[in-house]
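# Remarks on the overall topology
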Amino acid sequence: MKLFFKQSTLYLALLVTGCISTRDVRNAQPPPVPNLLPPTRSTTDVNYVTRVVQQAGPAVVRIDSTRTVEASPVQDPLLERFFGRQSPPPERVQRGIGSGFITSADGLILTNAHVVAEADNVTVVLKDGRRLQGNVVGADPVTDVAVVKIKATGLPIVKIGNSDNLLPGQWAIAIGNPLGLDNTVTQGVISATQRSIADLGVPTERVDFIQTDAAINPGNSGGPLLNAESEVIGMNTAMIRGAQGLGFAIPINTAQRIAAQLIAKGRVDHPYIGIQMAQLSPELRAKINQSKLGLIINQDTGVIVLGIVRNSPAARAGLRPGDIIESINGVAIKDTQQVQQQLEAVKIGDRLQITINRNGKRLAIVVRPEALPAKEAG
């Protein structure tokens, strides 16, 4: 309105001075109102999600697996008493569907370990419809990463991004085969990073997950989570049953590190010291002090050792229940997640310098990690 009044005043001044005529004033148009809305794109424009799918989609595969399991036989107790077991336990075939993505033109594929675990047969279905036999190079149940190899050349591959600098709110696109629906695309954002095992309660013990609200369902497992630049930033792996808008992915830097070891030697040796630990809180401190463990804890924060595995590296080094871990190799420890990170950063047999607080006294203890035994943690 101010602009219009100023313009009208100018017209009046010019009319008085004779610079313009009355006819000019009658024909004059009011100044245009500026458009404050951003320009809209044509409906023919290709949006960024479509571009990501066009670039990465050809390298996303479907993985079909089968495994034979024994079924519990139903026996008539009376007949079994007189004639014994009549036949061996029957077997049944379990079928699974997952996803994966090609990382080398000669057929290396990353997927989840649980997609191909104990599989008798693995078939990889490419975007162009080809079905190829897959060979499991290696699988690591601790991080849920596996590598599958197919015999082919000239295959499309994904671009690998960097998962170390992700921020909540960045775009995230998932491609996979949820519920057997091939080549399904979902979009969302990164909801959080560094979600620990304690947050999820699933058996992958040494992964800090990426959380996303991009829809992830059974069959998405092993598929890529991509950023707006068409780069893989994670491997979709976990969901919480009954929840909506919650999906989780293994950071691609972790998946790449594990895959390199699987390709090199077919297995991954995770460092292990053999402790059971917990995050201290006022509530946990009160429970410990009131228990019959004979421990008195004088702080509410930090990581406390609750148990020591018999004959473990921690036991041989002299760690005890009640010890509070203050630092590992010079890095201050504030939570259990940091303990796992420091442990994964060393090699089997390396010196692990752990500073502890034991009954108010600071002690330095050297532990030499061993390879993680099956079904162990810590």
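For the structure given in this document, a descriptive report is provided here. (Residues numbered from 1 in each chain as written. Predicted model: local features only at pLDDT ≥ 70, side-chain atom pairs only at ≥ 80, totals over all residues. Heavy atoms only, no water.)

With respect to the helices, strands and loops of the structure, Q55 is situated in helix α3 (residues 48-56). Exposure remark for Q55: the relative accessible area of 48% places this residue in the partly exposed category. Between the C-alpha atoms of Q55 and P156, which are 101 residues apart in sequence, the distance is 9.3 Å. Among all residues touching Q55, those that are not within four sequence positions of it are K159 and S230. (Helix = DSSP H or I, 4+ residues; strand = E, 2+ residues; numbered from the N terminus. Buried < 20%, exposed > 50% of the residue type's maximum accessible area, 1.4 Å probe, protein only. Contact = heavy atoms within 4.5 Å.)

In this section: the packing of aromatic side chains. Scanning all chains against the criterion turns up two aromatic pairs. Plain terms: the ring middles of Y48 and W171 are 5.6 Å apart, the flat faces sit at 45° to each other, and that makes the pair tilted. Placement of Y48 in helix α3 and of W171 in strand β9 (residues 171-176) is noted, with a sequence separation of 123 residues between them. An angle of 70° between the planes, with centres 6.2 Å apart, marks the rings of F209 and F248 as edge-to-face. (Phe/Tyr/Trp six-rings, centres within 6.5 Å; stacked < 30°, edge-to-face > 60°.)

Every buried residue belonging to helix α10 (residues 336-344) is among Q337, V339, Q340, Q342, L343 and E344, and all of these are buried. Structurally, the start of α10 carries an N-cap: the backbone nitrogen of Q337 is 3.3 Å from a side-chain oxygen of D335. (Polar contact = N/O pair within 3.5 Å; in protein donor to acceptor, adjacent residues only side chain to side chain.)

With that settled, the discussion passes to helix α7 (residues 252-265). For α7, which comprises 14 residues, the first-to-last C-alpha distance of 20 Å matches the rise-based estimate of 20 Å (1.5 Å per residue) to within 8%. Among the residues of α7, those classed as buried are I252, T254, A255, I258, A259 and L262. With its buried residues spanning 150° around the axis, α7 presents them on a single face. Positive backbone phi, approximately 80°, marks G266, located one or two places after α7. (Expected span 1.5 Å × (residues − 1). Arc of directions from axis to C-beta.)

This paragraph deals with the pairing of strand β21 (residues 361-367). Where strand β20 (residues 352-358) and β21 come together, seven bridges link them in antiparallel fashion. For R358, the partnering residue across the bridge sits in β21 and is K361. In this antiparallel pair of consecutive strands, β20 and β21, the connection spans two residues, and N359 shows a positive phi of 55°. (Pairing = 2+ DSSP bridges.)

Moving on, we come to the environment of N298. In this structure, N298 sits in the loop between α8 (282-290) and β17 (303-308). A relative accessible area of 62% places N298 in the exposed class. With 16 residues separating them along the chain, N298 and P282 place their C-alpha atoms 9.9 Å apart.

Counting residues in hydrophobic clusters, the biggest one holds 43 residues, and the most contacted among them are I63, I109 and V124. Considering every element that reaches this core, the biggest residue donor is α7, with five residues. Those residues in contact with I63 that lie beyond four places of it in its chain are G96, I97, G98, S99, G100, I109, T111, V115, V116, V122, T123 and V124. Membership of the second largest hydrophobic core comes to 17 residues, among which are A314, I333, V339 and L352. (Core = buried A, V, L, I, M, F, W, Y, C linked by side-chain atoms within 4.5 Å.)

It is worth spelling out the pattern of salt bridges at this point. If you walk through the whole model with that rule in mind, you get 11 salt bridges. Across the salt bridge formed by R130 and D128, the nearest N and O atoms sit 3.0 Å from each other. Classification of D128 by relative accessible area gives exposed; the value is 52%. As a salt-bridge pair, R362 and E326 come within 2.8 Å of each other at their nearest N and O atoms. (Salt bridge = Lys/Arg side-chain N within 4 Å of Asp/Glu carboxyl O.)

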